[in-house]
Amino acid sequence: MSANPTELITSDKNQTVKLIKALLTQARRRKKIGRTVLEGAHLIDAALRSDYPVLQILLSESAHTHSEVRQLLARLPSYVSISTLPDTLYRSISSLGTGIDIMAIIAIPKHNLPVINDDCLILNDVQDSGNVGTLLRTAAAVGITKVLCTEGSAQVWSPKTLRAGMGAQFALTVYEGLAVTDVLQQVKVPLLATSSHTDTLIYQHDLSAPIAWVMGHEGQGVCDELMQCATPIALPQPNGQESLNVAIAGALCLYETLRQRQYS
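Residues numbered from 1 in each chain as written. Predicted model: local features only at pLDDT ≥ 70, side-chain atom pairs only at ≥ 80, totals over all residues. Heavy atoms only, no water.

Peer 1: So what's going on with the side chain of Asp101? Residues and values would help.
Peer 2: Within the secondary structure layout, Asp101 lies in the loop between helix H5 (87–93) and strand E5 (102–107). Side-chain polar atoms of Asp101 contact the side chain of Arg91, separated by 2.8 Å. With sequence-adjacent residues up to four places away left out, Asp101 is seen in contact with Leu58, Leu59, Ser60, Ala63, Tyr90 and Arg91. (Helix = DSSP H or I, 4+ residues; strand = E, 2+ residues; numbered from the N terminus. Polar contact = N/O pair within 3.5 Å; in protein donor to acceptor, adjacent residues only side chain to side chain. Contact = heavy atoms within 4.5 Å.)

So this is what it looks like as structure tokens:
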């Protein structure tokens, strides 16, 4: 039997239900109160494995019998409250089509940008949550732990980006809402940015020393202010396509960096 405080919620007028709805749909509300929602067992498991504090759990009545849910609940610290909702009420607020009916409220971490002297990934106004999440997953996979996001980028801790990142956020230190001037001031390693206007192919460039890869806006690319301070690097496209998706380009750059250092 769980020792956690428990509550049964049956009304959509309940304050917790209203809060969840707002956090799932409103970027401004998430930013204002510094909270977000993890939907599904995988993300909650990732948070618990990283010892990231969970503030509250909500689940449907039927989810209580699910073996994966029971294991998650058994791992919760005793102070975490558990709220149960009728299945129909839960599914009326959930943004997932299918899956295990469990979600958690967590605090959004805030970090002050220090001087960066080692590898990092800079997302310069990457606006699509799927692209941001994929880039975070790739950074975590190759061992980069610092990600810097300029103020036009998609919210790293939005429910949509969290799903796309598959929990990579918990393996990273992410600095959000940065001005380009702050990035240039604090990042002390060379900046590299993909560009179609250079003859320097990525396979010909030495990536053995610490670097900052810059990935830009899906349509406009890396802004002029950052590009002027970066070394342009080309990804070969023999068939002449106009450009690669930013998440694909980022994955190629990060994995070529890894290859040169560990598998050359």
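Resuming the write-up.
Peer 1: With reference to specific residues and values, describe the sheet that holds strand E10 (residues 212–216).
Peer 2: In any sheet, the strands associate via hydrogen bonds between backbone groups, in a parallel or an antiparallel arrangement. Read across the open sheet, the six strands follow the order E8-E7-E6-E10-E9-E11; overall the sheet is parallel. One side of each edge strand has no neighbouring strand; the edge strands of this open sheet are strand E8 (173–178) and strand E11 (230–233). For this sheet the average axis-to-axis angle between neighbouring strands, irrespective of direction, equals 25 degrees. Taken together, the four bridges between strand E7 (residues 146–150) and E8 define a ladder with parallel strand orientation. In the strand pairing of E8, Leu148 is matched with Tyr175. The strands touched by helix H6 (residues 129–142) are strand E6 (120–124), E7 and E10; relative to E6, the strand with the most contacts, the crossing angle is about 175 degrees. Of the strands in this sheet, strand E9 (191–194) and E10 are in contact with helix H10 (residues 246–262), which crosses E10 at around 170 degrees. (Pairing = 2+ DSSP bridges. Axes fitted to C-alpha atoms, helices over the stretch in contact; angles between N-to-C directions.)

Peer 1: Account for H6, naming residues and giving values.
Peer 2: Taking 1.5 Å per residue as the helical rise, H6 with its 14 residues ought to reach 20 Å, and the 20 Å between its terminal C-alpha atoms agrees with that figure. Buried positions along H6 lie against E6, E7, helix H7 (159–165), E10 and H10. The opening residue of H6, the one whose side-chain oxygen lies 2.9 Å from the backbone nitrogen of Gly130, is Asp128. After H6 finishes, the residue Gly143 shows a positive phi value of roughly 100 degrees. (Expected span 1.5 Å × (residues − 1).)

Peer 1: Let's hear about the layout of surface pockets: which residues, and what values?
Peer 2: Taken as a whole, the largest pocket spans an internal volume of roughly 620 Å³. Taken together, 22 residues make up the lining of the largest pocket; nearest its centre are Thr194, Ser195, Ser196, Gly221 and Ser243. Listed by contribution, the elements that provide at least two residues to the lining of the largest pocket are E10 and H10. Residue composition of the lining of the largest pocket, by class: eight nonpolar, twelve polar and two charged. Roughly 520 Å³ of volume is contained in the second largest pocket. (1 Å grid on protein atoms, 1.4 Å probe; cavity = no way out; pocket = protein on both sides within 12 Å on 5 of 7 lines; lining within 4 Å. Points joined across faces, edges and corners; volume = space filled by probe spheres on them. Nonpolar A, V, L, I, M, F, W, Y, C, P; charged D, E, K, R; others polar.)

Peer 1: Give me the pairing of E6: which residues, what numbers.
Peer 2: As a general feature of sheets, a regular strand has side chains that alternate between the two faces. Counting buried positions along E6 yields five of five residues, so the element is predominantly enclosed. The pairing of E6 with E7 spans three bridges and is parallel. Across the sheet, residue Leu121 finds its bridge partner in E7, namely Val147. Following the chain from E6 across H6 to the adjacent parallel E7, one finds a crossover that is right-handed. (Buried < 20%, exposed > 50% of the residue type's maximum accessible area, 1.4 Å probe, protein only. Right-handed = clockwise from strand over helix to strand, strands pointing away.)

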